[in-house]
Structure formats: C-alpha cells, structure tokens
Amino acid sequence: MRSPLFFVKKRVIAFICALLFVSAFLAGCTSCSSYLNINIPGKSMSERTSYLMHTVVVQRWYGENAEKTCDEIEDALGEFENLASLYIEDSEISRINDAAGKEYVQVSDELFYLLKRAKQLGDESDGAFDVTIGPLVLLWNVTGQDGAPHVPEQEDIDEALKKVDHTKLLLDEENSAVMLADEGMKLDLGGVAKGYAAGLMRDIAEENEVTGYLSIGGNMLVIGDDPDGEPFVVGLRDPLKDANSYFATIDITGYTMATSSAAEIFFEEDGVKYHHILDPKTGYPGYTDLLQVTVVSEDGLLADALSTTIFLKGSGCLEEYMDRDDCMVLAVTKDCEVYGSEDIWNIVTPTDTEDYSFMAD
C-alpha cells in the first residue's frame, strides 16, 4: 500500500502534511500497518506505514537489518506513546493530568527529561510554546480525537486559558516526579513529542547499520544515502497548493526536521478554516504573517518546539532564531517570501521561483 504521506519522484521524498486526509484514511485505526519488504542481495529494503502517536508514521530503510529496524522502531514508538499520550488513560502524561493540583507523580527518566526541556523551551519562548496547553487542545478537538472539532464558546476558551501556564509545571529532579500546580491543568506534548521521538529512533537505525528515512507526522529523520549513493532529498510542501506540491527540496541527511504549517491539520466552520496550532496566549489558532516554518537540527525535540514557537510568534522573531548554531530555520510568509538561516541555503534548492521569492541574501 502506497504511503499517503510520501511519494518518490526523481529522488525526491515529497513531504505531505494532509493529516486530516490521512486520519480519514486510517479512521478508527490505532495500530494499522502496511508492509513492503524487498530482499535482494546487497539491496534489502523494508517500507512500513503505521498509525502511531495519533499520526501516520512512514519508514523506509535499506540494508540487511531493514525489516528489523522497522519492527524495532514501531515497537519503540508504541512504548513512547504509552508514556506521553494525552489520550491513553494509563499513560504517564494522563496520570500527571489526573493528579493536577493534588500530588506529584513519579515518571520515567525519559519523560522527566522531555518535560524539563519543554519547560525550558517555554521559558525561552516567553510562553509562546507551552506544554500545559492540554485544556485548549481538548476543547477545540481539532484532530477529531473525541467527536467532531468545533469553535468553542468564548467563555469556555477563557476558562481553559486560566489552566494554561507552563511555569506551573513543577519538577522534582531528586525523585523524577512531576506535578501540575492547579486542578484542571493538563499536559499535551503534541508540539514536541514527535520530534523528540524521531530523534530517539536515530540510535536504532544507526545500531542496525541501515540508511533511509522516518517520518512521524511532520517530523523527519534521514540517515545516509540511498542504495545508489544519492542523498534522500525531501520536498517541502507548498502551503498554498495541494498536498502533492512542493516549492523547494532539502537534503537533511543526518538531521531531524520539523515543519509547522496552517495547511497541516484544520477544520472548517461557517466557511472559516481553523488549524491545529493553538496560541496559548489567546486560546485560538495562531495566525501571524507566517504560513509555514521548518526547523532542521540534530536535536529533534528542539526542531519540533522551535517550529511551533516561530510559527506562533511570526516573522518579527526570525532574527533571533536565524543565527543559532543548534538549528537552521526556513520560514514562508503570507507574501510568499522565503527566509532562511545562512547555512540552510547550502541544503535547500528552490523549485518554484515564480510564486515564491527566496530571500537568500
């Protein structure tokens, strides 16, 4: 079965973010998978499409251990989901949410590290990135996890906003325990967990000595070259066109990449589109002068969080992120201008110069 997230054409892995279509494609499926294994001496390949972490996961690996890598990554992502999902009743995140305002909950070292980093990134973003956004996520239900999405009443949004404050995420490092200060607060790691997980999977791929790629929703990991020695080149989706269109390609070999876009997940009500990237300061989907933000880094957690942060802050914040040495940024404005970090132009190739202006200087 062909992956709905990717197509391969002229060595381009075209990144498609039409996740509402994907969700419908795998409606009601919690662990659906499709498999393709090709075993040719020296060219073994395994490709797998699964539904994990409430999104579509696509893997393609080359090498003797390709099928083993698919199995191990699928298992590891399932285990991680059981730690970090807002929607699994006995996950560690759910236990923290249930105990909000009451008591600390001891968690795994892995989740404690993730929450510690997330809180730090919330501080650095002045609250634009906030993992306590759970009450708003559940209220809007943009992804349709519990019934149909809808625009909430203003009074409900105001009430949910009172329970969003990353500074009230309390961390007990000595005991690896976590607590939300007020009752009704809820953690949602949707803005960081997929990038973090993609980065974690690097170790599995490298230990198995495979090359290939992994996509978890809008987060990608690419390792090595294809069997012909050519790099896996990723197509960056055109946010103004259909999901099969891309305006540039990027070689992210050895990196993870996260993209935040208003074109990814959305619903329509009364002729208005509402996307899934909620602003923790307003309670509504964030609308700035940016259409799409891609962040490339060796740190998948950082890439995921910063793509959300920059998207919500708008182009006025780009200068402070462009010169960082731990990531590269590419941002598309509503005026179809594309701005990028100096180093990112070494790995980005424009394909649509008619509709977009690439501000490489």
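That block above? That's the structure.
This report concerns the structure included in the present document. (Residues numbered from 1 in each chain as written. Predicted model: local features only at pLDDT ≥ 70, side-chain atom pairs only at ≥ 80, totals over all residues. Heavy atoms only, no water.)

### Topic: helix α7 (residues 193–207)
Then, number 1: Its 15 residues give α7 an end-to-end C-alpha distance of 22 Å, which sits within 8% of 21 Å, the value for a rise of 1.5 Å per residue.
Then, number 2: Most of α7 is tucked away: eleven of the 15 residues are buried.
Then, number 3: For α7, the full list of buried residues reads A193, K194, G195, Y196, A197, A198, G199, M201, R202, I204 and A205.
Then, number 4: Positive phi shows up at E209, right after α7, with a value of about 55°. (Helix = DSSP H or I, 4+ residues; strand = E, 2+ residues; numbered from the N terminus. Expected span 1.5 Å × (residues − 1). Buried < 20%, exposed > 50% of the residue type's maximum accessible area, 1.4 Å probe, protein only.)

### Brief notes about the sheet that holds strand β8 (residues 177–180)
Working definition: the strands of a sheet are paired by backbone hydrogen bonds and lie parallel or antiparallel to each other.
Then, number 1: The antiparallel open sheet is built from three strands, whose spatial order is β6-β8-β7. Of all the strands in the sheet, the pair left with one neighbour each is β6 (105–106) and β7 (169–172).
Then, number 2: Bridge count between β6 and β8: two bridges; the pairing is antiparallel. Across the sheet, V105 pairs through a bridge with V178, a residue of β8.
Then, number 3: Those strands touched by helix α4 (residues 109–124) are β7 and β8, and its axis lies near 130° from that of β7. (Pairing = 2+ DSSP bridges. Contact = heavy atoms within 4.5 Å. Axes fitted to C-alpha atoms, helices over the stretch in contact; angles between N-to-C directions.)

### A closer look at the side chain of T309
Then, number 1: As for its placement among the helices and strands, T309 is situated in helix α8 (residues 300–313).
Then, number 2: T309 has contacts with S125, A128, F129 and Y321, leaving out every residue within four places of it along the chain.

### Regarding the pattern of salt bridges
Think of it this way: side chains of opposite charge can pair up when their charged atoms draw near.
Then, number 1: Scanning all chains against the criterion turns up 13 salt bridges.
Then, number 2: A salt bridge links E47 to R60, with the nearest nitrogen and oxygen atoms 2.5 Å apart. Here the residue E47 occupies a position in strand β4 (residues 45–52), and R60 occupies one in strand β5 (residues 55–62), the gap between them amounting to 13 residues. Neither residue differs from the other here; E47 and R60 are each classed as buried.
Then, number 3: Among the salt bridges present, the one from D182 reaches K168, with a minimum N-O distance of 2.7 Å. Highlighted residues: D182 in the loop between β8 and α7 and K168 in the loop between α6 (154–161) and β7, separated in sequence by 14 residues.
Then, number 4: Assessed through its relative accessible area of 28%, D182 is described here as partly exposed. (Salt bridge = Lys/Arg side-chain N within 4 Å of Asp/Glu carboxyl O.)

### Comments concerning the environment of E72
Then, number 1: Its place among the elements puts E72 in helix α2 (residues 66–84).
Then, number 2: Sequence separation between E72 and I204 is 132 residues; the distance between their C-alpha atoms is 7.3 Å.
Then, number 3: Among all residues touching E72, those that are not within four sequence positions of it are I204 and N208.

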